[in-house]
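Structural description and commentary
Listed below, chain by chain, are the residues.
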Amino acid sequence: MGTGSLPTAGEGFNALAYFKKWVLDPLLYYQEADYYSDLHAGTLPQVSFLMTESLISEHPPANIQWGQQKMQQVITALMSSSAWKSAALFFTYDEGGGYFDHVSPPQVDAYGMGFRVPTLVISPWAKRGYVSGTLYEHGSILKFIERRFGLPSLASVNHQFDTQTPATNNDAANGQAFGPPASPRDGLSQIGDFYEAFTF
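Let me sum up the structure you'll find in this document.

Conventions adopted
- For every chain, the first residue of the written sequence is number 1, and numbering continues from 1 onward in sequence order.
- Reporting of local features is limited, given that this is a predicted model, to residues whose pLDDT is at least 70; pairs of side-chain atoms are given and counted only at 80 or more, and all residues count toward the totals for whole chains, interfaces and linings.
- Side-chain metrics rest on all non-hydrogen atoms present in the structure, leaving aside hydrogens and water.
- By definition, any uninterrupted DSSP run of H or I lasting at least four residues is a helix, any uninterrupted run of E lasting at least two residues is a strand, and each is numbered from the N terminus.
- Think of it in three bands: residues with accessible area under 20% of the maximum for their type are buried, residues over 50% are exposed, and the middle band is partly exposed, with areas taken using a 1.4 Å probe on protein chains only.
- Should any heavy atoms of two residues lie within 4.5 Å, those residues are counted as being in contact.
- Only the protein chains shown count as cover for residues, and the accessible areas themselves come from Shrake-Rupley with a 1.4 Å probe.
- When a carboxyl oxygen of Asp or Glu is within 4 Å of a side-chain nitrogen of Lys or Arg, the pair counts as a salt bridge.
- For this analysis, a nonpolar core means a set of buried residues of the types Ala, Val, Leu, Ile, Met, Phe, Trp, Tyr and Cys, connected via side-chain atoms within 4.5 Å.
- A pair of Phe, Tyr and Trp rings is counted when the ring centres sit within 6.5 Å of each other, with Trp represented by its six-membered ring. The angle between the planes then sorts it: under 30 degrees is stacked, over 60 is edge-to-face, the rest tilted.
- Only when the NZ of Lys or the CZ of Arg is both within 6 Å of the ring centre and within 35 degrees of the ring normal is a charge said to sit over the ring.

This brings us to the overall build of the protein chain. Regarding its fold elements, the protein chain presents 3 helices and 2 strands. Reading the protein chain from its N terminus to its C terminus gives the helix and strand order α-α-β-β-α. When each of the 200 residues of the protein chain is scored for burial, the buried share is 30%. Taking the intrachain contacts of the protein chain between residues at least 6 apart in sequence as the baseline, contacts between residues at least 24 apart amount to 66%. Accessible surface, the protein chain as shown: approximately 13200 Å² in total, 58% of it carbon and sulfur.

Here we come to the pattern of salt bridges. Per the stated rule, a full pass over the model turns up 5 salt bridges. It is possible to trace a salt-bridge network through shared partners that takes in Asp109, Glu137 and Arg185.

A few words now on the nonpolar core. Within the largest apolar cluster, 11 residues are counted, these being Tyr35, Leu39, Met71, Val74, Ile75, Leu78, Trp84, Ala87, Leu89, Phe91 and Ile122. Residue assignment for this core shows that the elements contributing at least two residues are helix H1 (32–41), helix H2 (64–79) and strand S1 (89–92). Aside from chain neighbours lying at most four places away, what touches Phe91 is Gln68, Met71, Pro118, Thr119, Leu120 and Ile122.

A few words on the environment of Leu151. Within the secondary structure, Leu151 sits in the segment after helix H3 (139–149). Since its relative accessible area comes to 38%, Leu151 is described here as partly exposed. Beyond its immediate sequence surroundings of up to four residues, Leu151 is in contact with Ile145 and Glu146.

Overall, the coordinates contain 11 aromatic pairs when judged by the stated rule. Here the aromatic rings of Tyr35 and Tyr36 are separated by 5.2 Å at their centres, their planes lie at 70 degrees, and the arrangement is edge-to-face. Between the aromatic rings of Phe198 and Phe200, the centroid separation amounts to 4.7 Å while the plane-to-plane angle is 10 degrees, which identifies the pairing as stacked. The exposure class of Phe200 is exposed, given its relative accessible area of 55%. Members of the aromatic cluster, each reached through a chain of ring pairs, are Phe90, Trp125, Tyr136, Phe144, Phe194, Tyr195, Phe198 and Phe200. The lysine or arginine in question, Arg147, covers the ring of Tyr195, its NZ or CZ lying 3.9 Å from the ring centre.

Pasting the structure below:
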C-alpha cells in the first residue's frame, strides 16, 4: 500500500521512514503485493500496518472512489484468507477531510485532541452494526495491541524529543530544554482500546 515509498517520495505516507532510527529498516518497505502473498501463504504477521499512497489516499484531487475500491480489495482478500477467523482490521484516517466539527476536541493532555476522524473495525468478532460512544484516538490501536498481547506501552516515552527530530513544534529542536509535558496517550484511562467494539 505504498509502504515501499521513501519519505522523500511525494507519494509516500510511511511516517516511520521519517525517523532516523528506522529509515533504513527493511521491514518498513514491503509492498502491497507482499500483503496478498502473505495472506495466501498464511504468513501474515500478527500485527501489520498498511499505509496508502497519494493516488488512493482520498486526498484531493484524487478520486475518493479509488481509495474506497482499494480498501475493498484489501478487506475482501483478508476475509477470503485463513487469517480471517482471528483477524481485526482497523481502517482509519489521519484527518477528517474538513475543518469543521461541531464537537470540541477534549483536552486530555498538553497537546489536546484534534478533530474526529472516521474509523471502522472489521472483524468476525466485531459487534454488528455497533457505533461506539467511547473516546478513541490513534493511540487506541496501540492500546488494543498492548492489551491483546500483554505488552507494556508501545508509545514513545521520549516525549522530550531531541535535536535530531526537527519540526516547528519540537521545542527541544528550537532551543528549549524539552517538549510539552505529556506522557504517552495509550496510558490514559479515558481513552478506549477498542475492546468495547468486539464480542470476544
